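# Remarks on the overall topology
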Amino acid sequence: MNLDRDLREALAPLAGDPAADAARVMASLPPLPAAPLPDGQDASPESPRQPRRRQPVPDKSSGWPLSFVAAAVLGGLAIGVVAGVWWEASHVPQVAAPGPEKEKDGEQKDEPKKEEPKPPVMPTREQDLMMLMAFAPLEIDEPGVGVQQLEPGGFATRLGTVVRTGEGGAGLYVYANDARVRLDHQSAAMVDLDKVELDAGRVWLSTLTRPAPFEIRAGAVRIESKAVEVQVQRLGAEVDVLCLQGALQVRSGEGPARGVEAMQRVSVSADGTIAAPEPIGFAGAVTAWMVPMVKQQQDETELNHRIAMMVEEFQKGTYRPEAALELRRFGSRAVPYVYKAMVHRGVPDDEQRQAAELIGSIAEYSQVPWLFALLENDAPEVRVAAFRALVRVGAPRVDDEAFWREAPASERERSLARWRALVR
Amino acid sequence: MLAGARDAFGWLVVRHSRAVRAAVLSRLGRTNDLDDLVQEAFLRAYQGLSRLEDPGRFGAFVHRIAHNVSIDRLRRSGREPEPLAEIDLSVAPEPARTADVREERLERLRLQVGKMPATLREAVLLFYFEQKSSAEIGAVLAISEAAVQQRLHRARQHLKAVLGEGGSA
């Protein structure tokens, strides 16, 4: 008998779910400023003909990406072998740790008294750290620690760490100044307090939360800014700079700086020539690589904002196919936004049809109320799109496509009532 | 900053959840409110973060809180924390596996771990359940690495003895 192995196996069933623990704890922490869907878009579509039950709130009460957290549990909890370890590898704690309600027999008695929750104050030492989220296995070279291979998960790492991504991206959050950095797959960059050195691939940076001078270097090219959302990509010997918000200066070697405004891009050729800024027509396409990261972060403000932006582009129509593609990347989360913006009498039938087809392509089973609402639409092609979507998500079928396209309203109402009863 | 701090705390929960669970388990065994106690420990840790001078010691910090949460829970239920108290770590096997010899052995192991003195039990849970290293356990329990190894050795000897596999308690 192997006692070590048996003990591990015997105790394994006692394990809880760290993801669920995190979700519960995060849900009970003091709330962040709400980032609701605008104009009540998290509600069910209101039927013009009959009262409707409210749409179930999407299963994201805490915003915790459980699948990602699960990955973090697998990868991130390997505490002894990853980057975050060093700051926890010390020995006998000196900290004044919390204690029980009353002291007895030498038990600890220094637990904080129960008081109203207040925002945590980041300890001083954390000012030298970054939070690194690896979305796939990657390699880091951490000052004072060296090269480490990380599995997907969240880690603490020192400022000045070089991150080399592989098949997936990485996100970094600098505690000291709230700077956020994202690295695309197959990229390499050193991230410091006020500087990013991009060796390969693509990086995104935002210093909008707490503006401060920040520099991105890509070879001989320097991008300087104070408050900016910027994306920089190395394409061989060339560098592509996209200013998404704010403003920045681009320099090459010792040459003069060129100013770049929001929604402009410049390229710097291999010989250091900085081209004239060009407008960025549609930001969605150039930032699409970050969508998986945006979807998995706990604060949903950016996610909601990006979806709203794409819906706006979809509404405008100039970049409708591109916006539809981006909204598909966001998945079912976008359904209420698209419905609210595009499915009502003020929108031409053909545009409603396009919206319905988009909704139909991204809706999931829990969103059948939205699809039923589409079945009440006056436009036959909208109803057909809804019918196809209901079939796609696996709802039991009621009547056929021709019925929902052509049947009189009274018959459709009866069938719809029957269908609703079936999935209730 | 607030959003970032919350994110960071979330990752701390993920990272230390098993250790906190092990701390509560080692005192209370499998209680119905285990999840609630784990949550309470992290909430207390969150509220007390400003008292944590060294973030490198968060693991020890929250483990101590979990220990205290367990003691509070015992007192609320009218019991006093006793280092030698037995706890229940049994796991009801699936019906199809009740006759499984191996399952029976694993259940016996769980029962015997539950009967160990709390200090040994805690070390066993941290090592075999939470899979921390001796150094990490030492940091969490505020004892030396050698002391951790000694406790683990004693625990193994104890288990071998009660399971009739040789060794001495």
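In this text the structure is predicted, and so the values were computed from the model without any measurement. (Residues numbered from 1 in each chain as written. Chains lettered and ligands numbered in written order. Predicted model: local features only at pLDDT ≥ 70, side-chain atom pairs only at ≥ 80, totals over all residues. Heavy atoms only, no water.)

## Structural notes on the overall build of chain A
Broken down by element type, chain A carries 13 helices and 16 strands. When the 424 residues of chain A are sorted by exposure, 52% land in the buried category. A separation threshold of at least 6 residues defines the contact pool for chain A, and within that pool the share at least 24 residues apart is 51%. Of the roughly 19,000 Å² that chain A leaves accessible, carbon and sulfur atoms contribute 52%. (Helix = DSSP H or I, 4+ residues; strand = E, 2+ residues; numbered from the N terminus. Buried < 20%, exposed > 50% of the residue type's maximum accessible area, 1.4 Å probe, protein only. Contact = heavy atoms within 4.5 Å. Areas by Shrake-Rupley, 256 points an atom, 1.4 Å probe, with all protein chains shown as cover.)

## Looking at the overall build of chain B
Summing up its helical and strand segments, chain B has seven helices and zero strands in all. When the 169 residues of chain B are sorted by exposure, 63% land in the buried category. Across chain B, every contact between residues at least 6 apart in sequence was considered, and the portion connecting residues at least 24 apart equals 63%. By element, 47% of the accessible surface of chain B is carried by carbon and sulfur atoms, the whole surface being about 6,400 Å².

## Points about the side chain of Arg-182 of chain A
Residue and element names in this part refer to chain A. Relative to the assigned elements, Arg-182 resides in strand 7 (residues 180–183). Given the relative accessible area of 4%, Arg-182 is considered buried. Apart from residues no more than four positions distant in its own chain, Arg-182 is found in contact with Ala-170, Gly-171, Arg-202, Val-203, Trp-204, Trp-289, Met-290, Met-293, Val-294, Gln-297, Glu-302 and Arg-306.

## Observations regarding the environment of Gln-297 of chain A
One can find Gln-297 of chain A in the loop between helix 5 (291–296) and helix 6 (301–316). Placed 164 residues apart in sequence, Gln-297 of chain A and Met-133 of chain A show a C-alpha to C-alpha distance of 9.6 Å.

## Some thoughts on helix 5 (residues 118–129) of chain B
All names here are of chain B. Counting buried residues along helix 5, 11 of its 12 residues qualify, which places the element largely inside the surrounding structure. For helix 5, the set of buried residues is Ala-118, Leu-120, Arg-121, Glu-122, Ala-123, Val-124, Leu-125, Leu-126, Phe-127, Tyr-128 and Phe-129. Backbone geometry just after helix 5 places Gln-131 at a positive phi near 60°.

## Here's the deal with the pattern of salt bridges
Summed over all chains, the structure comprises 29 salt bridges over all chains. Here Asp-6 of chain A ties to Arg-105 of chain B by a salt bridge, and the two come within 2.5 Å at their closest N and O atoms. Separated into two different chains, Asp-6 of chain A in helix 1 (residues 3–11) and Arg-105 of chain B in helix 4 (residues 101–115) make up a pair that spans both. The exposure class assigned to Asp-6 of chain A is buried, which follows from its relative accessible area of 0%. When its relative accessible area of 9% is taken as the criterion, Arg-105 of chain B is described as buried. (Salt bridge = Lys/Arg side-chain N within 4 Å of Asp/Glu carboxyl O.)

## What to know about the confidence of the model for chain B
Residue and element names in this part refer to chain B. Per-chain confidence: chain B averages 79 in pLDDT, with 83% of residues scoring 70 or above. The least confident element of chain B, judged by mean pLDDT, is helix 1 (residues 2–28) at 75; the most confident is helix 7 (residues 145–162) at 89. In the model, residues 94–98 has pLDDT below 50 throughout and makes two contacts with residues more than four positions away in sequence or in other chains. Both scores are available for the predicted complex, with the pTM at 0.51 and the ipTM at 0.79. (pLDDT = per-residue confidence, 0-100.)

## Remarks on the nonpolar core
In this structure, Leu-7 of chain A together with Phe-9, Phe-42, Phe-58, Leu-109 and Val-124 of chain B are the most contacted members of the largest nonpolar core, which totals 60 residues. With 11 residues, helix 1 of chain B is the largest single contributor of residues to this core. Contacts of Val-124 of chain B, omitting those with residues within four sequence positions, involve Leu-7 and Leu-11 of chain A together with Val-113, Met-116, Phe-129, Leu-152 and Ala-155 of chain B. Counting residues in each nonpolar core, the second largest holds 59 residues, with Met-293, Val-294, Ala-407 and Trp-419 of chain A among its members. (Core = buried A, V, L, I, M, F, W, Y, C linked by side-chain atoms within 4.5 Å.)

## Here's the deal with unusual backbone geometry
Residues and elements named next belong to chain A. Even without a glycine there, the phi angle at Asp-178 is positive, about 65°. Structurally, Asp-178 is set in the loop between strand 6 (170–174) and strand 7. Despite not being glycine, Met-263 shows a phi value in the positive range, around 60°. Tracing the chain through its elements places Met-263 in the loop between strand 14 (258–260) and strand 15 (264–268). Exposure remark for Met-263: the relative accessible area of 30% places this residue in the partly exposed category.

## Regarding helix 4 of chain B
Compared with the 21 Å implied by 1.5 Å per residue over 15 residues, the 21 Å span of helix 4 of chain B between its first and last C-alpha is a close match. Inspection of helix 4 of chain B places Glu-103, Arg-105, Leu-106, Glu-107, Leu-109, Arg-110, Gln-112, Val-113 and Gly-114 of chain B among the buried residues, and these make up the whole buried set. For helix 4 of chain B, the elements touching its buried residues are helix 1 of chain A together with helix 5 and helix 7 of chain B. (Expected span 1.5 Å × (residues − 1).)

## Here we look at the environment of Arg-202 of chain A
Residue and element names in this part refer to chain A. Position of Arg-202 relative to the elements: it lies in strand 10 (residues 202–206). Taking the C-alpha atoms as reference points, Arg-202 and Val-239, 37 residues apart in sequence, are found 9.7 Å from one another. A distance of 2.8 Å separates polar atoms of two side chains, one belonging to Arg-202 and the other to Asp-184. (Polar contact = N/O pair within 3.5 Å; in protein donor to acceptor, adjacent residues only side chain to side chain.)

## Considerations on the packing of helix 6 (residues 134–141) of chain B against helix 7 of chain B
All names here are of chain B. Close contact between helix 6 and helix 7 brings their axes to 8 Å; oriented N to C, the two are set at 105°. When the interaxial angle is binned, helix 6 and helix 7 end up roughly perpendicular. For the pair formed by helix 6 and helix 7, the contact residues are Ser-134, Ala-135, Ile-137, Gly-138 and Leu-141 on the first element and Glu-145, Val-148, Gln-149, Arg-151 and Leu-152 on the second. Class assignment of the residues belonging to the contact of helix 6 with helix 7 gives a composition of five nonpolar, three polar and two charged. (Axes fitted to C-alpha atoms, helices over the stretch in contact; angles between N-to-C directions. Parallel < 35°, antiparallel > 145°, perpendicular 65-115°, else oblique. Nonpolar A, V, L, I, M, F, W, Y, C, P; charged D, E, K, R; others polar.)

## Observations concerning the packing of helix 5 of chain B against helix 7 of chain B
All names here are of chain B. Two numbers describe how helix 5 lies on helix 7: the axes approach to 9 Å, and their chain directions differ by 100°. With respect to their mutual orientation, helix 5 and helix 7 come out roughly perpendicular. On helix 7, the residues that touch Thr-119, Leu-120, Ala-123, Val-124, Phe-127 and Tyr-128 of helix 5 are Arg-151, Leu-152, Arg-154, Ala-155 and Arg-156. When the residues that make up the contact of helix 5 with helix 7 are grouped by side-chain class, the tally is seven nonpolar, one polar and three charged.

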